[in-house]
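Remarks on the overall topology
This is what each chain is made of:
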Amino acid sequence: MLTIKPSSGPHTGSAIGVGSIMRQVIYALLPATAFGLYLFGWPAVNLLLVTLFASLVFEALCLKLAGRPVISALKDGSALLTGWLLTMTLPPWAPWWIGVLGAGIAIVLGKQVYGGLGQNLFNPAMLARVVLLISFPLEMTTWADVTPWLTESAPGFYEGLTITFTGLSNPDAVTGATLLGHVKTEWLQKHPLSESLSEYGVSTIWSGLTRGSLGETSALLLFAGGMWLLLKKIITWTIPVSMLASVAAIAGLFHFLDPERYLSPVMHLGSGALMCAAFFIATDYVTSPNTPLGQMIFGSLCGLLIYMIRTWGGYPEGAGFAILLMNSLTPLIDHYVRPRIQGRDRRGRPLEEKVVMKGER
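Below: a short report on this structure.

Reading the values: rules and limits
- Residues numbered from 1 in each chain as written.
- Predicted model: local features only at pLDDT ≥ 70, side-chain atom pairs only at ≥ 80, totals over all residues.
- Heavy atoms only, no water.
- Core = buried A, V, L, I, M, F, W, Y, C linked by side-chain atoms within 4.5 Å.
- Buried < 20%, exposed > 50% of the residue type's maximum accessible area, 1.4 Å probe, protein only.
- Helix = DSSP H or I, 4+ residues; strand = E, 2+ residues; numbered from the N terminus.
- Contact = heavy atoms within 4.5 Å.
- 1 Å grid on protein atoms, 1.4 Å probe; cavity = no way out; pocket = protein on both sides within 12 Å on 5 of 7 lines; lining within 4 Å.
- Points joined across faces, edges and corners; volume = space filled by probe spheres on them.
- Nonpolar A, V, L, I, M, F, W, Y, C, P; charged D, E, K, R; others polar.
- Phe/Tyr/Trp six-rings, centres within 6.5 Å; stacked < 30°, edge-to-face > 60°.

**Digging into the nonpolar core**
Core analysis: the largest hydrophobic core is formed by 69 residues, its most contacted members being Leu29, Met243, Met275 and Phe280. By residue number, the principal contributor to this core is helix α1 (residues 18-65), which donates 15 residues. Other than its neighbours up to four places away in sequence, Met243 contacts Leu274, Ala277, Ala278, Ala282, Gly299, Ser300, Cys302, Gly303 and Ile306. With nine residues, the next largest nonpolar core counts Leu179, Leu197, Tyr200 and Met267 among its residues.

As structure tokens, then:
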């Protein structure tokens, strides 16, 4: 009799693969990306294309050096999505080398050095974002004014190439601070919020008609993209809801205590990269906990850290730092927050079997 010994235990199969997941995330990013490109024109388009191309090149080089198949790996879309998410966090008029260097950091140091897809400890796009911010603070904090496509102030195709590949000739004339940066600067000068926010309305912030990265352009479109991912069951609600609820709760408390010092929950939720981080970055399968309870802890602490950095830290936005810090705690959360094994209690001890004797009920 032929006996076949299985090489591994049985696993639940799924009809959706890596490529399908990556495509769905890109589809969800398309509305916010398209709106951001409309707001910032050709320089933003150039930066997106350069960063995506550089991400694919670095991925191919790493795979080639490792002796692994290149074409099949590139087709899964993971490198493309990494470059896309990285671009969403960059100033839309950043120089081309910021996109190339960021792509190299994300793909080589953030992904391939750990062994490739599924092995990385930190989110590659956030790792690149934070390294660039610390290393090149001027380029990473130069935010272009909103200049919608086809308007008189919008740069043309050739001017867009000039901005991307040679830099801005007079940056002070076409750049400024984001809402969070403006509020922080105004508070340091002892100006109350009612005065600082005179030019910013809730509708302006949530629609995205203000300075920022492509991932800060429209909280509404990013939220809609997140709902698409939930509908398609690409992500679960645990991390986004716990993260947003954590920010809203602590912002509501401090705003109630001092409304002239602390932004309201509505302004916090609609500004910065919070929506992008909550739905598209913190939910990364590899760098977030495995259990629902662990994911809620992860999301809640991400939200807490984001609020603390925004309010009392040296940077106006804290999403990148918060997610990287929590990525480092993911193994610890997974160690202490585990699902119960079938037939065992929460501590891993076998459950007592209840033997029913004949005649007992």
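There is more to say after this.
**Focus on empty space enclosed by the protein**
Applying the stated rule across the entire model yields two cavities of 30 Å³ or more. Considered as a void within the structure, the largest cavity measures approximately 140 Å³ in volume. For the largest cavity, the lining is made up of 15 residues, of which Arg129, Ala273, Glu317, Ala319 and Gly320 are closest to its centre. The set of elements that each furnish at least two residues to the lining of the largest cavity consists of α5 (124-135), α15 (274-281) and α17 (319-336). If you tally residues by element for the lining of the largest cavity, the top one is α5, at four residues. In terms of residue class, the lining of the largest cavity is built from nine nonpolar, three polar and three charged. Considered as a void within the structure, the second largest cavity measures approximately 40 Å³ in volume. Lining the second largest cavity are Gly215, Glu216, Ser218, Ala219, Leu222, Leu269, Gly270, Ser271, Gly272, Leu274, Met275 and Cys276. Elements represented by at least two residues in the lining of the second largest cavity include exactly α12 (219-231), α14 (265-270) and α15. At three residues, the largest contribution of residues to the lining of the second largest cavity is made by α15. A per-class count over the lining of the second largest cavity returns six nonpolar, five polar and one charged.

**A word on α15**
Burial of α15 is extensive: eight of the eight residues sit out of reach of the surface. Listing the buried residues of α15 in full gives Leu274, Met275, Cys276, Ala277, Ala278, Phe279, Phe280 and Ile281.

**As for the packing of aromatic side chains**
Scanning the model with the defined rule gives 13 aromatic pairs in all. With a centroid separation of 5.1 Å and an interplanar angle of 75 degrees, the aromatic rings of Trp97 and Phe136 are classed as edge-to-face. Of this pair, Trp97 sits in helix α4 (residues 96-109) while Phe136 sits in the loop between α5 and α6 (137-140), placing them 39 residues apart in sequence. Take Phe136: its relative accessible area is 24%, and that puts it in the partly exposed class. Pairwise contacts between aromatic rings join Trp42, Trp149, Phe157 and Tyr158 into one cluster.

**Here we look at the layout of surface pockets**
Taken as a whole, the largest pocket encloses approximately 480 Å³ of empty space. If you go around the largest pocket, you meet 24 residues; those closest to its centre are Met22, Leu81, Leu117, Asp284 and Tyr285. Put simply, the parts of the chain that give the lining of the largest pocket at least two residues each are α1, α3 (78-88), α5 and α15. A breakdown of the residues in the lining of the largest pocket according to their chemical character gives 16 nonpolar, six polar and two charged. Forming the boundary of the second largest pocket are 27 residues, of which Thr141, Trp143, Thr178, Gly181 and Pro316 lie nearest the centre. Secondary structure elements with two or more residues in the lining of the second largest pocket: α5, α6, β2 (175-176) and α9 (179-188). When residues in the lining of the second largest pocket are grouped by element, the largest group, six residues, is from α9. Partitioning the lining of the second largest pocket into residue classes produces 11 nonpolar, 11 polar and five charged.

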